[in-house]
Amino acid sequence: MAARPVVSVFGLNGSKLDATVPLPSVFTAPIRPDLVQFVHKNMAKNRRQPYAAKQQAGEETSAESWGTGRAVARIPRVGGGGTHRAGQAAFGNMTRGGRMFAPNKVWRKWHIRTNSNQKRYATASAVAASGVSALVSGRGHRISNIEEVPLVVSAEVESLSKTKEAIALLKALKAYADVAKVSNTRSIRAGRGKMRNRRHRQRRGPLVVFAQDKGISRAFRNLPGVELVDVTRLNLLQLAPGGHLGRFVIWTQPAFEALNKVFGSQTEESVQKKGYTLPVPVITNPDVSRLIGSDEIQAVVRPSGPKNMRRPFGQKKNPLRNTQVLVRLNPYAQVLRRAEILGKNKKTKKYTHKKSASAKFLQILKAD
């Protein structure tokens, strides 16, 4: 977010004027790229034109099923004879020339409603991001030769009515490089869109914001990539095209001064938006790395530990394969294992089989 107390005003010849303008409170609003992308996605859907398949498409032939008993599928088939089309399957989405599955209808839910507070928050974030030169330059705008961002010009610009006067102003402000970039990127669109009144594609140039249209719209409307908008009708689709923050904005002095009435501040309500105040950031300094590296925090944090920390838990090992783990779980297993080893080392005794009973003993048994 921008943090300068005042902003310089530039004249028609590109030189600084003696007058300065205090920075509006909207430039201190929190920059929320996540919210901007969410709101932009919903708002962009509201410009879609409904489309649908023709209601009779794929079903304009007289086809009936042949029923069962003819060893073919029961899908409807074209009647008649003497042509290849006769007997071919029809109507189904899996057939040649059939209708699509679940044909599109024009009563689909095309538009999406977005909360007013979310849209206002996103617009305020986009305005605040336009005052950060790093975000504007990162978006691709050619602002390396511009003296200040945000760029404010005198109220005389609203009275310009000729395109050559607008070009002379942009060249004096050293902002014409952004318009030339748009001209160089103009190309023919790939695909069928070139036949549907959107033949060319090009980048976005500067956005000119004015308070009163005294001819300024006629002066800038023919420049490629340049867009104009009233300060009371700021649009997120123009402030953050594609959901990307950092649009290069050229403000007229009356429009810049009117921002406090349009958005208000964190403590004062807006004049245009009833009961609305700017959102308050959750943290004053969003630079977390700078906060962590500050002397106040570093003085109380614990020193960093060794680079290679031991895992708090050991690796899972199989006690049936690892003897140490087995002994830890069952200490008596060591005794059993020792006894098993000692038993293997003992000399085994040789047992002799007793001889069979003598013949005399057998005679006694068999005697009467």
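Above this note sits the structure.
Here we summarise the structure given alongside this text. Treat the numbers as computed from the prediction; the structure is a model and nothing was measured.

## Re the overall build of the chain
Part 1 of the argument: The number of helices and strands found in the chain is 14 helices and ten strands.
Part 2 of the argument: Computed over its C-alpha atoms, the radius of gyration of the chain comes to 42 Å, more than 25% above the 21 Å expected for a compact globule of 368 residues.
Part 3 of the argument: Considering only C-alpha atoms, the chain reaches an extent of 150 × 95 × 45 Å along its principal axes.
Part 4 of the argument: Considering the chain as a whole, with its 368 residues, one finds that 32% of them fall into the buried category.
Part 5 of the argument: Partitioning the contacts of the chain with sequence separation of at least 6, the portion at a separation of at least 24 is 61%.
Part 6 of the argument: When the accessible surface of the chain is totalled, it reaches about 25,500 Å², and 51% of it is carbon and sulfur.
Part 7 of the argument: Each charge class in the chain can be summarised by its mean position, and for the 65 positive and 22 negative side chains these summaries are 20 Å apart.

## As for the nonpolar core
Part 1 of the argument: Core analysis: the biggest nonpolar cluster contains 39 residues, and Val209, Leu234, Trp251, Phe256, Leu259 and Phe263 have the highest contact counts within it.
Part 2 of the argument: The set of elements that each furnish at least two residues to this core consists of strand S1 (6-10), helix H1 (33-44), helix H2 (116-129), strand S8 (207-210), helix H7 (236-239), strand S10 (249-252), helix H8 (253-257) and helix H9 (259-263).
Part 3 of the argument: Per-element accounting of this core gives the leading share, seven residues, to H2.

## Quick word on the pairing of S8
Part 1 of the argument: Where burial is concerned, the two faces of S8 agree: the one with Leu207 and Val209 and the one with Val208 and Phe210 are both buried.
Part 2 of the argument: By the bridge criterion, four bridges tie S8 to strand S9 (residues 227-230) in an arrangement that is parallel. Pairing of Val209 across the sheet is with Val229, part of S9.
Part 3 of the argument: Pairing between S8 and S10: three bridges, direction parallel. Along S10, the bridge assignment pairs Val209 with Trp251.

## Quick look at a nonpolar patch on the surface
Part 1 of the argument: A cluster of nonpolar residues, Val282, Ile283, Val288 and Ile292, forms a patch on the protein surface that exposes about 410 Å² of accessible area.
Part 2 of the argument: With respect to the helices, strands and loops of the structure, Val288 is situated in helix H10 (residues 288-292).
Part 3 of the argument: Look at Val288 and you get partly exposed, because its relative accessible area is 46%.

## Some details on the environment of Leu245
Part 1 of the argument: Here Leu245 lies in the loop between H7 and S10.
Part 2 of the argument: Of the residues examined, Leu245 reaches a relative accessible area of 14% and is grouped as buried.
Part 3 of the argument: Remark: the alpha-carbon pair of Leu245 and Pro33, spanning 212 residues in sequence, is separated by 6.9 Å.

## Some remarks on unusual backbone geometry
Part 1 of the argument: Between Val149 and the following residue, Pro150, the backbone shows a cis peptide bond with an omega angle of 5°.
Part 2 of the argument: Note that Pro150 resides in the loop between helix H3 (133-138) and strand S5 (151-153).
Part 3 of the argument: Its identity as a non-glycine residue notwithstanding, Phe91 has a phi of 75°, on the positive side.
Part 4 of the argument: With respect to the helices, strands and loops of the structure, Phe91 is situated in the loop between strand S4 (77-78) and H2.
Part 5 of the argument: The phi dihedral of Ala102 is positive, around 50°, even though this residue is not glycine.

## Here we look at the packing of H1 against H2
The relative placement of two packed helices comes down to the angle between their axes together with the axis-to-axis distance.
Part 1 of the argument: One can describe the packing of H1 onto H2 by two numbers: an axis separation of 9 Å at closest approach and a directional angle of 120°. Here H1 is positioned oblique relative to H2, judged by the angle of their axes. Relative to H2, H1 is oriented so that their crossing is left-handed. On H2, the residues that touch Leu35, Val36, Phe38, Val39 and Met43 of H1 are Gln118, Lys119, Tyr121, Ala122 and Ser125.

The rules behind the values
- Residues numbered from 1 in each chain as written.
- Predicted model: local features only at pLDDT ≥ 70, side-chain atom pairs only at ≥ 80, totals over all residues.
- Heavy atoms only, no water.
- Helix = DSSP H or I, 4+ residues; strand = E, 2+ residues; numbered from the N terminus.
- Rg over C-alpha atoms; globule rule 2.2 N^0.38 Å.
- Buried < 20%, exposed > 50% of the residue type's maximum accessible area, 1.4 Å probe, protein only.
- Contact = heavy atoms within 4.5 Å.
- Areas by Shrake-Rupley, 256 points an atom, 1.4 Å probe, with all protein chains shown as cover.
- Lys, Arg positive; Asp, Glu negative; His and termini not counted.
- Charge placed at Lys NZ, Arg CZ, Asp CG, Glu CD.
- Core = buried A, V, L, I, M, F, W, Y, C linked by side-chain atoms within 4.5 Å.
- Pairing = 2+ DSSP bridges.
- Patch = residues over 30% accessible without salt bridge, like charges linked within 9 Å, V, L, I, M, F, W, Y side chains within 5 Å.
- Salt bridge = Lys/Arg side-chain N within 4 Å of Asp/Glu carboxyl O.
- Axes fitted to C-alpha atoms, helices over the stretch in contact; angles between N-to-C directions.
- Parallel < 35°, antiparallel > 145°, perpendicular 65-115°, else oblique.
- Left-handed = near helix turned anticlockwise from the far one by under 90°.

By themselves these figures say nothing about function.
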